[in-house]
Amino acid sequence: MSEEMSFEQYLEEEANFKQPHKGEVVEGTVIDVKDNEIILNIKAKSDGVLTKNEYSNNPDVDLKSEVKIGDELTVKVVSVNDSEGQVLVTYKRLQQDKVNKRFEEAFENHEILTGKVTQALKGGLSVSYGEGRVFIPASLVSDVFERDLSKYTDQEIQFVLTEVNVHKRRIIGDRRQLIVEEKKKLQEELLGRIEVGQMIEGTVKNLTDFGAFIDLGGADGLLHISEMSWGRVDDPKKLFKVGDTVKVKIKDINDTKIALTMKFDENNPWKDAADKYAVGNVITGKVARMTDFGAFVELEEGIDALLHVSQIAIDHVEKPSDVLKVGQEVTAKIVDFNEETKKISLSVKALEIEKQKAEAPEKAEAVAEETAAEPAEEAPATEEASAEEE
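Residue numbers restart at each chain and count upward from 1, following the sequence in its written direction. In keeping with the model being predicted, local features are shown solely for residues with a pLDDT of at least 70 and side-chain atom pairs are shown and tallied solely at 80 or more, while totals for entire chains, interfaces and linings include all residues. To obtain the side-chain values, all non-hydrogen atoms of the structure were used and water was disregarded.

Visitor: Can you explain unusual backbone geometry? Please cite residues and give values.
Guide: Although it is not a glycine, His110 adopts a positive phi angle of roughly 55°. Helix and strand labels come from DSSP, where a helix needs a run of H or I of at least four residues and a strand needs a run of E of at least two; each type is numbered from the N terminus. Following the sequence through the fold, His110 ends up in the loop between α4 (92-109) and β6 (113-120). The phi dihedral of Arg169 falls on the positive side, at around 55°, and the residue is not glycine. Note that Arg169 resides in the loop between β9 (156-165) and β10 (170-174). The class of Arg169 is exposed, set by a relative accessible area of 77%. Three labels apply to residues, based on accessible area from a 1.4 Å probe with only protein chains included: buried if under 20% of the type maximum, exposed if over 50%, partly exposed otherwise in between.

Visitor: Which residues make up the pattern of salt bridges, and what values do they have?
Guide: Each reported salt bridge corresponds to a side-chain nitrogen of Lys or Arg within 4 Å of a carboxyl oxygen of Asp or Glu. Tallied over the entire structure, the rule returns 17 salt bridges. Of the charged contacts, one joins Lys34 and Glu37 as a salt bridge, the two residues approaching to 3.6 Å between their closest N and O atoms. Take Lys34: its relative accessible area is 38%, and that puts it in the partly exposed class. Measuring nitrogen to oxygen at the nearest pair gives 2.7 Å for the salt bridge that ties Glu227 to Lys251. Residue Glu227 is found in the loop between β13 (220-224) and β14 (245-254), and its partner Lys251 is found in strand β14; the two are separated by 24 residues along the sequence. For Lys251, a relative accessible area of 44% translates into the label partly exposed.

Given below as structure tokens:
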């Protein structure tokens, strides 16, 4: 009786085994995993065969590490009763159908997706999302021109979809607008928390002949070459390199433009200059640069004084370069100090006269009278001269 019941059960189960038709979605249980195919029990007269190519678009996929015996897989029938009496099924096409639906939903809802860059092409990036592929044109990869897209290979990136055409397999992504939106958000947050006079740290992002652009964490600020030091700066690249962390002060905010300075009050050389460089004091400095009307002598970093050509020596000097050279040390007397305009005038002649007076009073007095009788010489009133004095 027991054997008879078993036979009846077998006949009942055999009757329930129906051959699936092409395109049907079935559930299968993994009964064997080989290097290039997976065998599934799909409760049909024949087992389902899932080849490596129909499992994934990734040619390097390792089936034995992906699935194990006993796993359940939902597959789609590709063909029935092939030459070996097997049922060929696909897993990746079913996943592709699902991801296509996902793409359509994401496109409609303006949803942000995350995928892995599998290849950097000449015209853009190929991004993997599940079993789907998204193409991001080079112009939509970033908000700045990217010369080398290969740096994105194997990176996970975010994007939104701008075009979804499943039938033409045309899925276009855009990363640029996300970057623009994020930067705008960070910029608004930064502008909301900074104010003129505030000290802030930033990173040197770019260097030009006229200054440095500093990334403040949401927006860039300009550190003009004239604001890098109280002293004279000829080339920003000699002071900074891209990536340097710098401490700067907010000098001005005009809409979204931020002006920065490194001229801090605590290192302002002019704050005690009135005492150090009072009229009558004798100082020693180095010739920093020369013009036709005089030489500029650096007293300390940030403070230059003018040694007019008429004050270089007792004897007549045609031009400063006849007796002086850049880098030469000069000892002179301060004959004028103007804190408001930050201008200091020097005289070597005055020291020489004082020295002669001490050695030969009568001769020195004659020289002083002769000098006083000479018409006063002034710096040429030209734009170049004014710029140099400043």
